[in-house]
Amino acid sequence: MTTSLHSQQGLLTLNVGSSSIKFALFTADDLSLLFSGQLTGIGSHAKFDAKSHVDNQSYSHAWSADGLDSHVQAIGWLVQWFGQQMAGVQVVAVGHRVVHGGVWFDSPVVVTPEVIAKLRELEPLAPLHQPHNLAGIQAAQAAFSGAVHVACFDTAFHCHQPFVKDCFALPRKYYEQGVRRYGFHGLSYEYISHHLETEFPLQAVGRVVVAHLGNGASMCAMLNGHSIASTMGFSALDGLPMGTRCGQLDPGVLLYFLQQGMTEREMSDLLYKESGLKGISGISNDMRELEQSDALEAKQAIDYFVYRIKRELGALTAALEGLDAVVFTGGIGEHSAHVRASVLDGMAWLGVELDEEANNRHDTIISTRRSRVLCLRIPTDEEIMIAQHTQRLMGKKLSSQG
Ligand SMILES: Nc1ncnc2c1ncn2[C@@H]1O[C@H](COP(=O)(O)OP(=O)(O)O)[C@@H](O)[C@H]1O
Ligand SMILES: CC(=O)OP(=O)(O)O
Ligand SMILES: [Mg+2]
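Reading the values: the criteria
Residues numbered from 1 in each chain as written. Chains lettered and ligands numbered in written order. Predicted model: local features only at pLDDT ≥ 70, side-chain atom pairs only at ≥ 80, totals over all residues. UniProt positions renumbered as here; feature names shortened; annotations may be inferred. Near = placed C-beta within 6 Å. Nonpolar A, V, L, I, M, F, W, Y, C, P; charged D, E, K, R; others polar. Domains from an automatic or database assignment. Core = buried A, V, L, I, M, F, W, Y, C linked by C-beta atoms within 7 Å. Buried ≥ 20, exposed ≤ 12 C-beta atoms within 10 Å, placed from the backbone. Helix = DSSP H or I, 4+ residues; strand = E, 2+ residues; numbered from the N terminus. Contact = placed C-beta atoms within 7 Å. Pairing = 2+ DSSP bridges. Expected span 1.5 Å × (residues − 1). Axes fitted to C-alpha atoms, helices over the stretch in contact; angles between N-to-C directions. Parallel < 35°, antiparallel > 145°, perpendicular 65-115°, else oblique.

Per an unreviewed UniProt entry, the protein chain goes by Acetate kinase and derives from Orrella daihaiensis. We quote the UniProt Sequence similarities (unreviewed entry) comment for the protein chain here in full: "Belongs to the acetokinase family."

Below, the structure is given as structure tokens:
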């Protein structure tokens with residue numbers, strides 16, 4: 001690419017997660033990618049990796065244990081790095097991933113003080129994400145004060161699910177209060193939906209289950225490109241087991257913990273930070289480490305992860321009344337041939353026939369020609385989704401200003 005950074009107008013995306021910050025810088029006019037990178041391991045062994053797509057230069061930095069132990073510190077470091085490496089780029093817009101939009105936001109919005117106040121109210125519903133998302137917005141507002149800031153929600157893609165798919169069987173007043181299934185990872189699902197539309201148009205208008213398997217994991221049933229059901233619910237805890245989150249849990253277990261005198265804080269830490277792959281294995285939340293381990297506990301953690309995905313695949317297929325395609329995405333879905341093969345093993349009854357060689361090669365199509373259900377591996381791109389939404393809202397804001 002010959003694009004030079006000098007006097008470019010840039011659009012920055014920020015995806016501030018539980019222990020990582022992913023970012024990308026695009027040109028504001030045609031969304032060419034200039035920089036992308038991530039800062040991972042905040043609070044443990046923080047590590048920074050970035051790449052310039054202008055000259056292919058790589059950047060990396062590592063901290064010693066506890067060298068970078070908060071998101072605020074991490075954001076501060078990143079903003080400084082942006083200042084050095086992106087000098088010459090005028091950041092005119094920043095798009096932020098915000099996991100929870102509650103019942104209020106069914107599409108991206110320009111950030112205002114009123115929007116921030118509403119989003120703060122949702123912090124208890126996504127304690128691993130929402131406070132960090134908001135810290136990211138505030139730090140970026142301070143660093144790029146002349147830019148338009150846009151919030152793009154994980155929940156928005158699921159907003160129009162039918163009542164039976166987003167209610168709990170609790171007294172009605174709780175539904176009205178917002179105690180419902182929201183679903184998350186919506187920017188990832190939206191990207192996959194658009195990708196299917198251009199690359200697999202036949203399946204795009206059909207019945208598709210997408211498995212977003214990352215550190216956070218969920219699945220979505222899409223009918224004609226729209227979400228009709230998701231495994232995640234009210235918070236980002238429900239559904240599949242995750243790196244450190246429990247996934248589906250009998251609420252009776254929570255009552256039991258309460259009776260045992262566990263505090264809210266202890267319960268929250270247990271369910272969000274000590275459970276999932278990490279809890280079952282006692283080794284790690286990281287799928288790569290578990291796959292490399294010979295320990296029985298590591299194998300059992302992977303087996304449980306796979307088992308729950310299989311169950312949900314069956315359940316979501318029932319919700320869709322059939323299945324035309326399955327898509328794997330997210331860090332594990334994109335890179336673990338073992339997890340994909342294990343999930344699809346024994347699924348012939350559903351019309352699935354895996355092409356093992358294609359799967360091991362990490363091809364896009366991983367099912368055989370005979371398979372009635374098309375099985376796909378598609379890398380997700382939450383960043384480009386955020387960038388597209390942000391560009392659109394920036395254009396609207398500018399045109400409304402005359
Ligand atoms: N080559 C690989 N094989 C197996 N798992 C992988 C591989 N690369 C990444 N992963 C897993 O992907 C997960 C992180 O996924 P990612 O989508 O980046 O997470 P998040 O965005 O939720 O932080 C981790 O569990 C990591 O171990
Ligand atoms: C909502 C959620 O789980 O997000 P992440 O995968 O980024 O943790
Ligand atoms: Mg993620």
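Still to come is the rest of the account.
A few words on the site of ligand 2. Contacts to ligand 2 come from G17, S18, V99, H129, D154, F184, H185, G214, N215, G216 and A236. When its residues are assigned to classes, the shell around ligand 2 shows three nonpolar, seven polar and one charged. Mapped onto the domain boundaries, the shell around ligand 2 takes at least three residues apiece from domain 1 (8-153) and domain 2 (201-377).

Membership of the largest hydrophobic core comes to 106 residues, with the highest contact counts inside it found for A93, V209, V210 and V327. Here this core takes seven residues from helix α12 (residues 296-320), the largest share from any one element. Both domain 1 (8-153) and domain 2 (201-377) contribute no fewer than three residues apiece to this core. Apart from the residues within four sequence positions on either side, A93 is in contact with L11, A28, A147, V148, V150, T390 and M394.

Attention shifts here to the site of ligand 1. Surveying the vicinity of ligand 1 reveals 15 residues, the closest of which are G214, N215, M287, G331 and H335. At the level of secondary structure, the elements contributing two or more residues to the shell around ligand 1 comprise α11 (287-292) and α13 (330-335). For the shell around ligand 1, the element with the most residues is α13, which contributes four residues. Looking at side-chain class alone, the shell around ligand 1 contains two nonpolar, ten polar and three charged residues.

Now for the sheet that holds strand β4 (residues 47-52). In space, the eight strands of this open sheet follow the order β5-β4-β3-β2-β1-β6-β8-β7, with mixed pairing throughout. Of all strands in the sheet, those bounded by a partner on one side alone are β5 (58-62) and β7 (109-110). Sheet analysis places strand β3 (residues 33-40) next to β4, joined by six bridges and oriented antiparallel. Within β4, the residue paired with T40 across the bridge is K47.

On to the domain arrangement of the protein chain, then. Partitioning the protein chain into structural domains gives domain 1 (8-153) and domain 2 (201-377). The straight-line distance from the C-alpha centre of domain 1 to that of domain 2 is 27 Å. Taken together, the contact between domain 1 and domain 2 spans six residues of the former and five residues of the latter.

The next thing to look at is the UniProt feature "binding site: substrate" (unreviewed entry) in the protein chain. Here the UniProt feature "binding site: substrate" (unreviewed entry) sits at R97. When you line up the elements, R97 lands in strand β6 (residues 89-98). Sequence-distant contacts of R97, that is, excluding residues within four places in its chain, are made with N15, N133, C152, D154, L187, E382 and I386.

With that settled, consider helix α6 (residues 186-199). A rise of 1.5 Å per residue sets the reference length of α6, with its 14 residues, at 20 Å; its end C-alpha atoms lie 20 Å apart and thus fit the reference within 8%. Turning to α6, its buried residues number three or more, namely G186, L187, S188, Y189, E190, Y191, I192, S193 and L196.

Attention now goes to the pairing of β6. When you tally the buried positions in β6, you get nine out of ten residues, the bulk of the element. Summarising the sheet, strand β1 (residues 8-16) and β6 pair through seven bridges and their orientation is parallel. By the bridge assignment, T13 is partnered in β6 with G95.

To continue, consider the packing of α6 against helix α16 (residues 382-400). Relative placement of two packed helices is described by the angle separating their axes and the distance separating the axes. At a closest axis distance of 8 Å, the pairing of α6 and α16 adopts a crossing angle of 90°. What the angle tells us is that α6 and α16 run roughly perpendicular. Along its contact with α6, which presents L187, S188, E190 and Y191, the element α16 presents E382, I384, M385 and I386. Of the residues that constitute the contact of α6 with α16, the class distribution is five nonpolar, one polar and two charged.

All right, on to the pairing of β4 then. Remark: six residues form the turn of the hairpin made by β3 and β4, two consecutive strands paired antiparallel; G41 in that turn has positive phi of roughly 70°. Bridge count between β4 and β5: five bridges; the pairing is antiparallel. In the strand pairing of β5, F48 is matched with H61. Here β4 hands over to β5 after five residues, with N56 in that stretch at a positive phi of 65°.

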